[in-house]
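Examination of the molecular architecture
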Amino acid sequence: MTDATSASPTAPADPSTGRDGAVVTAALLVIGNEVLSGRTRDANVQAFAKTLGARGVRLKEVRMVADDKAAIIDAVNALRAANDYVFTTGGIGPTHDDITTDCVAEAFGRKVELNAEAERRLRHHYGSETINDARLRMARIPEGADLVDNPVSHAPGFRLGNVFVMAGVPRIAQAMLDTVKDGLRGGAPVHSRAVTAYIREGDIAEPLGAIQDRFPAVEIGSYPFVRGERLGTSVVARCTDATLAEAVVAEVANAMRAAGAEPNDAEGFDPQSGAVAAFHDGDES
C-alpha cells in the first residue's frame, strides 16, 4: 500500500495553516446507519461548529454517510483534500458495524494494528474480568496515527494526517474534541453581527442582494422566524473584518426601515430561542 503522501487526494502539507492565510476550514463527517435511518438524532454538528469557531476554524461542510466502506473512504478522501481539518464521528466501537477505523486507514493507505498504548488504556479501564476481544477491537489503530484521548469511556480515537477520528456519542465526542482543540491553530477570527425586525424576507430581498454585491467579503445570511402570529427576519453578517460586518448590519437596518420595519433596539430576537433582540453582537472565535 502507498503512504498518504503519495496517495490521491493529497492533504495540505500543514493542516494547521489555512490555504488563504485567513480562514482555516474544517469538515465534519457523521458516520452511521442509525443517524440516516432517523433512529438517532445527531447532536454533534452544532457543538463542533461552536468549538471550532472559537478556535478560528470554520466548519464549512457536514456530510452524513452510512456504514458503507466505499462511501466512507470516498468521503474521507474528498473532505481531507478540500479542508484543513476533517473530523469524523461514529463507527469506532466494539461491534461488527464499527468500520470507521479500517476505512480511514484504507483511505490513507495504512495498515491497522493493535496499538499497545490503546490496549493498555482499555485493559486498565475494563480490568481483567470485563476486557474481551470485542472491546480490544477499539485498540485497533492505523499505523503511524496519534491517539486522541477519551476522558469519558477511555477508548481512544486517533489522528491521521489532517483527519481526527472520534466517537459518535455527543458527550464523548465533545470531550475528545476538547482534548485536541488547543492544538488547532486557527485562522483569522470570524466576527458575526446581526439585526432583526418584524419584516418578511421577501420585502428586503432586493436590497439584501444589492448589499451583498457591495460587500463581497462578507457572508450575509437571512433567517425568517415566526413569533406568535408575527413574521420576522434576522439578518446575520459574518466576516473576518468586524468593521465590515458592522457596516453591513447598519445598511441592512436602513433597508428594513425603508421597508417600514424599525429594528427593535430594546430586546433582540433569537430565532432559535424565540427571544426578541434587535442587534446581536458576537464573535465566532
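Residues numbered from 1 in each chain as written. Predicted model: local features only at pLDDT ≥ 70, side-chain atom pairs only at ≥ 80, totals over all residues. Heavy atoms only, no water.

1. A closer look at the nonpolar core
- One finds F87 and M166 to be the most contacted residues of the largest nonpolar core, which totals 48 residues.
- Per element, the largest residue contribution to this core is 7 residues, and it comes from strand β1 (residues 24-31).
- With 19 residues, the next largest nonpolar core counts I204, V235, A253 and A261 among its residues. (Core = buried A, V, L, I, M, F, W, Y, C linked by side-chain atoms within 4.5 Å. Buried < 20%, exposed > 50% of the residue type's maximum accessible area, 1.4 Å probe, protein only. Helix = DSSP H or I, 4+ residues; strand = E, 2+ residues; numbered from the N terminus.)

2. A short note on the packing of aromatic side chains
- Applying the stated criterion across every chain yields a total of 5 aromatic pairs.
- With a centroid separation of 5.8 Å and 70° between ring planes, the pair formed by F48 and F87 is classed as edge-to-face. Highlighted residues: F48 in helix α2 (residues 44-54) and F87 in strand β3 (residues 85-89), separated in sequence by 39 residues.
- A relative accessible area of 0% places F87 in the buried class.
- When the centroid spacing of 5.7 Å and the interplanar angle of 75° are considered together, the rings of Y198 and F225 count as edge-to-face. Taken together, the residues span a long stretch of sequence, with Y198 in the loop between β9 (191-197) and α8 (201-214) and F225 in strand β10 (residues 219-227) at a distance of 27 residues.
- By relative accessible area, which is 23% here, Y198 ends up partly exposed.
- One aromatic cluster is present, built from ring pairs that chain together F48, Y85, F87 and F164.
- The residue whose ring lies beneath R80 is F108, and the NZ or CZ to ring-centre distance is 4.0 Å.
- Over the ring of Y198 we find R230; its NZ or CZ atom is 3.7 Å from the centre of that ring. (Phe/Tyr/Trp six-rings, centres within 6.5 Å; stacked < 30°, edge-to-face > 60°. Lys NZ or Arg CZ within 6 Å of the ring centre and 35° of its normal.)

3. Section: the packing of α8 against helix α9 (residues 242-258)
- Contact geometry for α8 and α9: axes closest at 10 Å, N-to-C directions at 155°. Taken together, α8 and α9 sit at an angle that is classed as roughly antiparallel. For the pair α8 and α9, the sense of crossing is right-handed. Across the interface between the two elements, I204, P207, L208, I211 and R214 of α8 pack against V248, E251, V252, A255 and M256 of α9.
- Class assignment of the residues belonging to the contact of α8 with α9 gives a composition of 8 nonpolar, no polar and 2 charged. (Axes fitted to C-alpha atoms, helices over the stretch in contact; angles between N-to-C directions. Parallel < 35°, antiparallel > 145°, perpendicular 65-115°, else oblique. Left-handed = near helix turned anticlockwise from the far one by under 90°. Contact = heavy atoms within 4.5 Å. Nonpolar A, V, L, I, M, F, W, Y, C, P; charged D, E, K, R; others polar.)

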